[in-house]
Amino acid sequence: MAFGHRRSLLPVFFLCCLRICYTEHASTYTFVKHAVQAPPVSYYDYIIVGGGTAGCPLAATLSEKHSVLLLERGGSPYGNRNITELAYFSQNLADTSPASPSQRFLSEDGVINARARVLGGGSCLNAGFYTRASPEYVRDVGWDGALVNQSYQWVEKMVAFEPPMLQWQSAVRDGLLEAGITPYNGFTYDHMYGTKIGGTIFDRDGHRHTAADLLQYANPDGLMVLLHATVGRILFRQTGGAARPVAHGVVFHDAAGVRHRAYLNNGAKNEIVVCAGAVGSPQLLMLSGVGPRDHLESLAIDVVVDQPMVGQSMSDNPMNAIFVPSPTPVEVSLIQVVGITRFGSFIEGASGSNFASHYSQITHELRFGMFSAQTGQIFTINDMNDLPAASSSMRGGFILEKIMGPLSTGHLDLKNKNPDDNPSVTFNYFKEPEDLQRCVKGIETIEKVIQSKAFSRFRFQYISTEELLRMALNFPMNLLPKHDNASKSLEQFCKDTVMTIWHYHGGCQVGQVVDKDYKVVGVDALRVVDGSTFNFSPGTNPQATVMMLGRYMGIKIQTERRETDDEVRRKS
Ligand SMILES: Cc1cc2nc3c(=O)[nH]c(=O)nc-3n(C[C@H](O)[C@H](O)[C@H](O)COP(=O)(O)OP(=O)(O)OC[C@H]3O[C@@H](n4cnc5c(N)ncnc54)[C@H](O)[C@@H]3O)c2cc1C
Ligand SMILES: *[C@@H]1O[C@H](CO)[C@@H](O)[C@H](O)[C@H]1NC(C)=O
Ligand SMILES: *[C@@H]1O[C@H](CO)[C@@H](O)[C@H](O)[C@H]1NC(C)=O
Ligand SMILES: *[C@@H]1O[C@H](CO)[C@@H](O)[C@H](O)[C@H]1NC(C)=O
């Protein structure tokens with residue numbers, strides 16, 4: 001069924017109001033309900049799985065003219081200060097309870113990682129940095145550049161801001177310029193060589209705006225959002241042996257464990273779109289029988305299509321960081337500045353106890369044996385509440401580098417048939433030598449920033465950079481062995497101190513699992529739209545492009561539908 005209601009562009013003054021009183025508006029969404037309230041069976045034109053960074057803008061867009069169901073396994077971000085306040089950044093990552101908006105996982109590489117479990121997805125957990133992909137990236141992917149720009153603007157009107165740039169961030173910026181990462185490009189969302197101030201989804205008051213806020217664009221009559229709705233399987237219909245399987249529904253369970261089904265309305269153009277993220281999307285396809293035959297059969301999953309590339313080409317951009325204690329107080333900040341080098345390394349920083357407390361928490365957990373390196377399983381011997389609060393005396397900041405790409409890839413495999421469990425993920429950090437070289441050059445540049453005149457008031461002169469490297473090695477942010485030579489050899493340092501910046505992607509890549517229209521190859525009425533489709537991480541940080549892609553594909557799907565309707569009308 002189609003909705004006659006056609007939205008005009010919201011007047012600018014109304015948008016301004018929305019940005020200011022977003023919490024009031026967004027927390028009273030009339031179309032958001034808990035899945036326990038859902039009927040056993042329901043019907044929609046579009047079913048979107050995953051109310052994350054891509055799923056929310058896609059749902060808002062498709063609701064303009066169609067009936068849309070958005071299923072999100074997590075809860076609402078509104079009213080939870082761990083999400084809404086910048087200063088609480090590390091709290092979610094430290095919260096390992098089943099109700100946490102962040103689900104921790106440990107990759108087979110031995111690096112602690114996290115995936116979102118909340119309406120708004122990763123945009124509710126992330127460090128907020130907002131920056132577009134380069135025009136070259138857009139061209140190489142084959143997107144329509146004009147629509148890409150319109151879609152970025154649609155996102156930016158609602159959730160992007162200019163950061164405040166206080167002393168510590170300014171010192172990093174000036175240090176990057178002294179280190180030769182030039183020219184200075186000022187404040188811009190654009191991806192350009194040199195040093196720039198990027199956007200942020202935190203406003204001037206430190207309040208986070210997320211992809212869930214993009215639901216303010218939705219047509220309330222066209223959208224139903226169900227929270228605590230975990231999709232366990234996509235249902236396929238096959239008419240006759242030769243016909244392609246057609247996705248036509250999903251099975252999900254609510255917080256009480258009760259199963260519900262949602263089906264597509266009759267209509268050849270109705271679709272299911274999976275937006276469950278780089279871990280969730282390949283996992284759900286496999287649970288639904290779309291994946292490598294042998295692997296699915298080993299878990300007694302009925303194969304719908306043998307798709308060997310599902311879960312392949314998973315990548316995570318390695319992050320390595322140096323913590324620099326400061327003799328003078330620093331502001332609490334997340335990422336605001338980036339140095340975009342020509343050698344494929346991006347340099348960013350975060351200051352105050354914020355970032356540090358996450359790692360000191362993990363340090364503490366590691367020390368107290370909460371992680372088991374042998375089995376790769378995470379277990380708790382202490383209640384998290386018994387742990388002393390992370391040290392707030394961590395005065396200083398992290399300067400980090402993330403590499404472009406990366407070229408190294410890994411894979412995702414199911415461990416079991418439970419959609420609530422993490423699959424097994426391997427990223428193979430630094431397997432490709434180019435990745436390691438990019439890291440080494442990145443760390444060398446960070447050393448120059450630390451030694452710069454501009455940064456001198458935020459470091460102790462008597463602590464050498466080699467000592468800072470040794471300190472970083474004592475920050476056990478991963479389960480890998482540390483080597484004595486790692487403070488002397490930057491190759492070894494990169495390997496021993498590898499972390500994630502949570503920009504992992506792949507698993508349902510364009511050209512492998514989905515075609516250039518994001519349609520899953522080998523079946524009908526099913527697309528994947530999220531970070532799992534990326535071959536490389538876009539820009540310096542991906543969220544702007546993930547949100548853009550949700551809007552962009554919403555428009556594309558609507559246009560495609562209108563064009564086929566016109567075609568049918570012309571022929572009849
Ligand atoms: C701690 C952290 C810091 C980061 N910092 C930055 C930064 O500063 N700047 C930046 O640009 N990027 C940053 N990122 C990365 C960025 O946030 C992610 O790349 C992006 O959010 C991924 O979007 P997505 O739509 O692919 O997946 P997600 O946003 O994770 O959305 C997937 C959604 O699907 C839901 N889901 C999964 N499986 C199911 C299922 N079976 N049933 C129902 N729902 C399901 C999940 O709960 C989730 O809400 C950071 C990420 C993290 C975690
Ligand atoms: C915020 O995080 C803390 C620490 O991880 C946790 O104990 C608390 O329950 C969280 N609060 C909410 C509202 O989720
Ligand atoms: C999109 O915007 C970027 C700047 O952000 C610009 O460089 C590019 O030319 C624009 N592309 C199109 C097709 O308008
Ligand atoms: C560092 O030492 C380890 C173990 O002694 C060795 O295997 C490794 O090759 C060394 N790294 C470098 C870069 O020399």
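Everything discussed here concerns the structure shown above.
Calculation criteria
- Residues numbered from 1 in each chain as written.
- Chains lettered and ligands numbered in written order.
- Predicted model: local features only at pLDDT ≥ 70, side-chain atom pairs only at ≥ 80, totals over all residues.
- Heavy atoms only, no water.
- Salt bridge = Lys/Arg side-chain N within 4 Å of Asp/Glu carboxyl O.
- Helix = DSSP H or I, 4+ residues; strand = E, 2+ residues; numbered from the N terminus.
- Buried < 20%, exposed > 50% of the residue type's maximum accessible area, 1.4 Å probe, protein only.
- Pairing = 2+ DSSP bridges.
- Axes fitted to C-alpha atoms, helices over the stretch in contact; angles between N-to-C directions.
- Near = heavy atom within 4 Å.
- Polar contact = N/O pair within 3.5 Å; in protein donor to acceptor, adjacent residues only side chain to side chain.
- Areas by Shrake-Rupley, 256 points an atom, 1.4 Å probe, with all protein chains shown as cover.
- Nonpolar A, V, L, I, M, F, W, Y, C, P; charged D, E, K, R; others polar.
- Contact = heavy atoms within 4.5 Å.

Colleague: Could you clarify how one ought to interpret the pattern of salt bridges in this entry?
Modeller: Pairing between side chains becomes possible if they bear opposite charge and their charged atoms approach one another. A complete count under the given rule lists 15 salt bridges for this structure. Note that Asp 565 and Lys 269 form a salt bridge whose closest N and O atoms lie 2.4 Å from each other. Taken together, the positions of Asp 565 in helix α15 (residues 543-571) and Lys 269 in the loop between β14 (259-264) and β15 (271-274) put the pair 296 residues apart, joining distant regions of the chain. In this structure, Glu 466 engages Lys 488 in a salt bridge whose closest nitrogen and oxygen atoms are separated by 3.2 Å. You can see Glu 466 sitting in helix α13 (residues 465-473) and its partner Lys 488 sitting in the loop between α13 and α14 (490-496), a full 22 residues away along the chain. The class for Lys 488 is exposed, based on a relative accessible area of 64%. Residues participating in the shared-partner salt-bridge network are Glu 271, Lys 519, Arg 527 and Glu 560.

Colleague: I tried to follow the sheet that holds strand β2 (residues 41-44) on my own but got confused; where do I start?
Modeller: Pairing is mixed in the open sheet, where 4 strands are placed in the order β2-β14-β13-β12. Among the strands making up the open sheet, the edge pair consists of β2 and β12 (230-237). Pairwise comparison of adjacent strand axes, ignoring direction, gives a mean angle of 25° for this sheet. Pairing geometry for β12 and strand β13 (residues 246-253), over 7 bridges, is antiparallel. When the sheet's bridge partners are listed, Leu 235 is paired in β13 with Gly 249.

Colleague: Help me understand the site of ligand 2, please; the structure alone is not making it clear to me.
Modeller: Taken together, the neighbourhood of ligand 2 is formed by Asn 80, Asn 82, Gln 91 and Asp 95. The contact in question runs from an oxygen atom of ligand 2 to an N or O atom on the side chain of Asn 80, over 3.5 Å. Contact with the protein chains hides 52% of the accessible area of ligand 2, taken as 360 Å² for the molecule alone. Here the shell around ligand 2 is composed, by residue class, of no nonpolar, 3 polar and 1 charged.

Colleague: What exactly am I supposed to notice about the side chain of Thr 210 here?
Modeller: Its place among the elements puts Thr 210 in the loop between β10 (199-200) and β11 (223-227). A distance of 3.0 Å separates a polar side-chain atom of Thr 210 from the backbone nitrogen of Ala 212. When near neighbours in sequence (up to four residues on either side) are disregarded, Thr 210 contacts Gly 120, Ser 123, Cys 124 and Val 159.

Colleague: Looking at this structure, I do not really get the pairing of strand β19 (residues 318-325). What am I missing?
Modeller: Within a regular strand, side chains alternate between the sheet's two faces. Burial analysis of β19 places 8 of its 8 residues in the buried class, the great majority of the element. Burial of the side chains of β19 extends over both faces: Pro 318, Asn 320, Ile 322 and Val 324 are buried on one face and Met 319, Ala 321, Phe 323 and Pro 325 on the other. With 7 bridges connecting them, β19 and strand β22 (residues 396-403) associate as antiparallel partners. Among the inter-strand pairings, Asn 320 is bridged to a residue of β22, identified as Glu 401.

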